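One letter stands for each residue in the lines below.
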Amino acid sequence: MKDLGSCVGPISGEHIISEAVIRILMADGDFSIAGLPWLAPGETKILPPQSLRANCLCTKHNSALHPLDDAAKYFFASLKSFLEHDSDSRHALVSGHDIERWLLKTAKAAAVSKNLARGRERLSGAFSRDAALLDMLDDPSHWPEGAGLYCTMNTGDRTLNHTRFHQAADKCPRGHRSAGAKHLGPRLRAAARTTG
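Conventions we followed
- Residues numbered from 1 in each chain as written.
- Predicted model: local features only at pLDDT ≥ 70, side-chain atom pairs only at ≥ 80, totals over all residues.
- Heavy atoms only, no water.
- Helix = DSSP H or I, 4+ residues; strand = E, 2+ residues; numbered from the N terminus.
- Buried < 20%, exposed > 50% of the residue type's maximum accessible area, 1.4 Å probe, protein only.
- Contact = heavy atoms within 4.5 Å.
- Phe/Tyr/Trp six-rings, centres within 6.5 Å; stacked < 30°, edge-to-face > 60°.
- Axes fitted to C-alpha atoms, helices over the stretch in contact; angles between N-to-C directions.
- Parallel < 35°, antiparallel > 145°, perpendicular 65-115°, else oblique.
- Nonpolar A, V, L, I, M, F, W, Y, C, P; charged D, E, K, R; others polar.
- Left-handed = near helix turned anticlockwise from the far one by under 90°.

Enquirer: Help me understand the environment of Met26, please; the structure alone is not making it clear to me.
Expert: With respect to the secondary-structure elements, Met26 resides in helix H1 (residues 19-26). What makes Met26 buried here is its relative accessible area of 17%. C-alpha separation for the pair Met26 and Pro48, spaced 22 residues apart in sequence, amounts to 9.8 Å. Those residues in contact with Met26 that sit more than four places away from it in its chain are Phe31 and Pro49.

Here you go:
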């Protein structure tokens, strides 16, 4: 983020995937990775949560973006809890915009650390140097109209929805916009504050 001219302090180690999210995903087991360009095709490697790091953020931006790690931790913990426990009405309100920014931060860290690849080929690095993306992380109001997280599929692909996922039927709270609102069990709503 040094291209923004607002960095302070030394470069610090940033988890490519938030350590808290890794710990939620691994539960009482191990955390394994596959598909990274430095692994052989089909190879899976077990890593401790603290090892998947890259020196890509200054101390100021690491601290400033930490709330995104907290949002991702809450989102993944809620999702895991809802999937593992049958219960009646439960809900978790998460900021869809914070999750989008966390995913952008995660993709950016993967690119800077040269762990971002397509078809086993490392990507050129243009994504890791794109100052507009850095600006989007630094200031949420700089997201262009229509920018956000979208899930795409190839023509003919099929997906099987878990019976615990239901389309949102009610409205988001005032001052929020729906972010692909899906309900998990009776209540899981992703919402993001609108601006302006």
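Following the structure, the description resumes.
Enquirer: Is there a simple way to explain the packing of aromatic side chains in this structure?
Expert: Any aromatic ring pair is given by two values, namely how distant the centres are and how the planes are angled relative to each other. On inspection of all chains with the given rule, the structure shows two aromatic pairs. Arranged with centres 5.4 Å apart and planes meeting at 80°, the rings of Phe75 and Phe76 form a pair that is edge-to-face. Pairing Phe76 with Trp102 gives two aromatic rings, centres 5.7 Å apart and planes at 65°, and the pair type is edge-to-face. Remark: Trp102 occurs in helix H4 (residues 96-112) and Phe76 occurs in helix H3 (residues 66-84); sequence separation between them is 26 residues. Overall, the relative accessible area of 4% leaves Trp102 in the buried class. Taken together through their ring pairs, the aromatic side chains of Phe75, Phe76 and Trp102 make up a single cluster.

Enquirer: Can you walk me through unusual backbone geometry in this structure?
Expert: For residues other than glycine, phi is negative in most cases, and the peptide bonds are mostly trans. The phi dihedral of Lys114 is positive, around 65°, even though this residue is not glycine. With respect to the helices, strands and loops of the structure, Lys114 is situated in the loop between H4 and strand S6 (117-118).

Enquirer: Just to check I follow, could you spell out the packing of H1 against H3 for this structure?
Expert: For any two helices packed against each other, one specifies the inter-axial angle together with the distance between the axes. Remark: H1 packs on H3, axes separated minimally by 8 Å, with the N-to-C direction vectors making an angle of 10°. Between H1 and H3, the angle is such that the two are roughly parallel. Two secondary-structure elements touch here, H1 through Ala20, Val21, Ile24 and Leu25 and H3 through Ala72, Lys73, Phe76, Ala77 and Lys80. Taken together, the residues of the contact of H1 with H3 break down into seven nonpolar, no polar and two charged.

Enquirer: Explanation requested: the packing of H4 against helix H6 (residues 131-138) in the structure shown.
Expert: At a minimum axis distance of 10 Å, the contact between H4 and H6 shows a crossing angle of 140°. The pairing of H4 with H6 is recorded here as oblique in orientation. The way H4 lies across H6 gives a crossing that is left-handed. Residues Arg101, Leu104, Lys105 and Lys108 of H4 form the contact with H6, whose participating residues are Leu133, Leu134, Met136 and Leu137. Of the residues in the contact of H4 with H6, the class split is five nonpolar, no polar and three charged.

Spatial relationships are all this shows, so hold off on functional conclusions.
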